[in-house]
Amino acid sequence: MRLGVHISIAGGFLQAVARAQRLSCTTMQIFSRSPRGGAAPVLSEEEAERFDRERREAGIEPLAVHSPYILNLASPERMMWNRSLALYREEYARVGRLRAQYLVTHVGSHRGQGELAGMARVAEAINRTLDGADSSVMILLENTAGSGQGLGYTFEQLAVIRGQVEAKERVGICLDTAHLFAAGYPIHTDEGLDDALASCDRTVGLSRLRLIHLNDSKAAFNSRVDRHWHIGEGAIGVEAFRRLLNHPSLRTVPWILETPKKTEAEDQRNLATVRRLIGESAPRAPRGHPPSPEAQGVSPGKKAKRVLLRSRADKAPAKQNTASARFRPTGVNRGHGRQPVGLHRVAA
Ligand SMILES: [Zn+2]
Ligand SMILES: [Zn+2]
């Protein structure tokens with residue numbers, strides 16, 4: 001499996017490769033510029049080329065770039081939308097120069113002007129970005145916790161946006177576990193996880209899933225509050241992450257940690273937790289090589305363990321099991337008005 005972290009580019013892009021290597025990452029995510037705005041640091045062709053070479057030599061692939069938070073591609077205000085589009089197009093080109101595979105994109109906020117119109121504006125911005133752009137970078141729409149008037153908190157919404165994009169093959173999705181949980185997908189239970197993945201497959205399609213943001217949640221289930229937390233120490237919990245990380249449908253998807261950190265030690269701690277959870281049944285791919293066919297297949301041992309986990313879960317259901325098993329996000333007309341909190345604030 002491919003496992004990495006959101007890495008800082010402080011000191012330059014080459015520093016990011018060094019940091020990722022120290023953490024033994026086999027994939028990574030970066031911001032290409034300050035996520036809160038301001039001019040992007042100069043990127044020379046020489047630096048871009050060296051960054052690409054060193055990253056590949058370190059076996060770090062794919063590379064995902066997260067778009068800046070200040071964008072709002074769903075904005076009903078013409079000036080804001082135009083500014084967002086210009087910045088997004090600039091970012092898309094920059095990400096291509098960095099030879100990244102993915103540009104992770106928050107779909108934005110409709111600012112009270114209606115979800116359908118907001119989604120149409122996002123699709124329009126993506127169409128204008130991809131039209132005529134000679135680049136292989138795939139745009140990944142990220143699901144959200146559904147705070148405030150933010151869009152993208154259901155699979156249906158991601159499907160609607162992607163459905164209005166002309167070059168659909170250039171748009172996939174990125175799922176954030178903390179956002180799924182806060183938006184009301186009960187991924188903390190065995191059955192809830194299977195239901196969520198089935199729902200994703202019926203709507204936008206699991207084949208479109210190219211990246212997972214691996215975060216526990218400090219906020220409660222269905223709270224619509226976006227607050228990332230250390231793996232296994234939040235409301236999603238360690239057993240849920242064991243199921244997620246070993247789920248047969250997710251075996252080939254790269255995982256990126258976006259957990260809180262003041263020092264590298266916190267990344268190391270979360271990575272160690274994840275590696276422990278996949279340790280027994282999912283051997284990691286050697287650096288620079290794709291996973292072996294054996295690593296991709298379901299071993300009998302793993303199956304037996306899943307059954308065990310299921311029976312244990314049956315005996316001791318999580319607090320929210322009963323309510324959450326019946327819950328289904330419906331796509332539109334959900335209540336609004338909660339304050340956006342956390343790392344993934346939607347821009348005004
Ligand atoms: Zn995320
Ligand atoms: Zn994000």
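Structural notes, computed from the coordinates. (Residues numbered from 1 in each chain as written. Chains lettered and ligands numbered in written order. Predicted model: local features only at pLDDT ≥ 70, side-chain atom pairs only at ≥ 80, totals over all residues.)

1. Focus: the sheet that holds strand S2 (residues 27-31)
For step 1, the next point in the chain: Ordered in space as S1-S2-S3-S4-S5-S6-S7-S10, the eight strands form a closed barrel in which the pairing is parallel. When the angles between neighbouring strand axes are averaged without regard to direction, this sheet yields 30 degrees.
For step 2, the next point in the chain: For strand S1 (residues 3-6) and strand S10 (residues 255-257), the ladder comprises three bridges, and the chain directions are parallel. Pairing of Leu3 across the sheet is with Trp255, part of S10. (Pairing = 2+ DSSP bridges. Helix = DSSP H or I, 4+ residues; strand = E, 2+ residues; numbered from the N terminus. Axes fitted to C-alpha atoms, helices over the stretch in contact; angles between N-to-C directions.)

2. Some points on the nonpolar core
For step 1, the next point in the chain: Formed by 82 residues in total, the largest nonpolar core has its most connected members in Ala100, Leu103, Val122, Leu140, Phe181 and Ile187.
For step 2, the next point in the chain: Each residue touching Leu140, except ones within four places of it in the same chain, is listed here: Tyr102, Leu103, Val104, Thr105, Gly172, Ile173, Cys174, Arg210 and Leu211. (Core = buried A, V, L, I, M, F, W, Y, C linked by C-beta atoms within 7 Å. Buried ≥ 20, exposed ≤ 12 C-beta atoms within 10 Å, placed from the backbone. Contact = placed C-beta atoms within 7 Å.)

3. A closer look at the environment of Asn143
For step 1, the next point in the chain: With respect to the helices and strands, the residue Asn143 is situated in the loop between strand S5 (138-142) and helix H5 (155-163).
For step 2, the next point in the chain: Once residues within four sequence positions are removed from consideration, Asn143 is found in contact with Gly152, Tyr153, Leu158, Leu175, Asp176, His179, Leu180 and Ala183.

4. Remarks on unusual backbone geometry
For step 1, the next point in the chain: Put simply, Glu61 and Pro62 share a cis peptide bond, and its omega is 5 degrees.
For step 2, the next point in the chain: For Pro62, the position within the fold is in the loop between helix H2 (45-57) and strand S3 (63-66).
For step 3, the next point in the chain: For Arg99, which is not glycine, the phi dihedral falls at a positive 60 degrees.
For step 4, the next point in the chain: By secondary structure assignment, the location of Arg99 is in the loop between helix H3 (78-97) and strand S4 (102-106).

5. Things to note about H5
For step 1, the next point in the chain: Within H5, seven of the nine residues are buried, which leaves the element mostly enclosed by the surrounding structure.
For step 2, the next point in the chain: Those residues of H5 that fall on the buried side of the exposure criterion are Phe155, Gln157, Leu158, Ala159, Val160, Ile161 and Arg162.

6. Regarding the packing of helix H4 (residues 115-130) against H5
For step 1, the next point in the chain: Interaxial distance between H4 and H5 falls to 8 Å at its minimum, and their mutual angle equals 45 degrees. The orientation of H4 relative to H5 falls into the category oblique. The element H4 and its partner H5 pack so that their crossing is right-handed. Residues Met119, Val122 and Ala123 of H4 form the contact with H5, whose own contacting residues are Gln157, Val160 and Ile161.
For step 2, the next point in the chain: For the contact of H4 with H5, the residue count by class is five nonpolar, one polar and no charged. (Parallel < 35°, antiparallel > 145°, perpendicular 65-115°, else oblique. Left-handed = near helix turned anticlockwise from the far one by under 90°. Nonpolar A, V, L, I, M, F, W, Y, C, P; charged D, E, K, R; others polar.)

7. A closer look at the environment of Gly234
For step 1, the next point in the chain: Along the polypeptide, Gly234 turns up in the loop between strand S9 (228-229) and helix H8 (238-245).
For step 2, the next point in the chain: Each C-alpha atom, one on Gly234 and one on Ser217, is 5.1 Å from the other, the two residues being 17 residues apart in sequence.
For step 3, the next point in the chain: The contact partners of Gly234, leaving out residues within four places of it in the chain, are Asp216, Ser217, Lys218 and Trp229.

8. Examining the packing of helix H1 (residues 13-22) against H2
A pair of packed helices is characterised by two quantities: the angle between their axes and the separation of those axes.
For step 1, the next point in the chain: Two numbers describe how H1 lies on H2: the axes approach to 9 Å, and their chain directions differ by 10 degrees. As the angle between them shows, H1 and H2 are arranged roughly parallel. Where H1 approaches H2, its residues Phe13, Leu14 and Val17 are matched on the opposing element by Glu47, Arg50, Phe51, Glu54 and Arg55.
For step 2, the next point in the chain: Per-class residue counts for the contact of H1 with H2 are four nonpolar, no polar and four charged.

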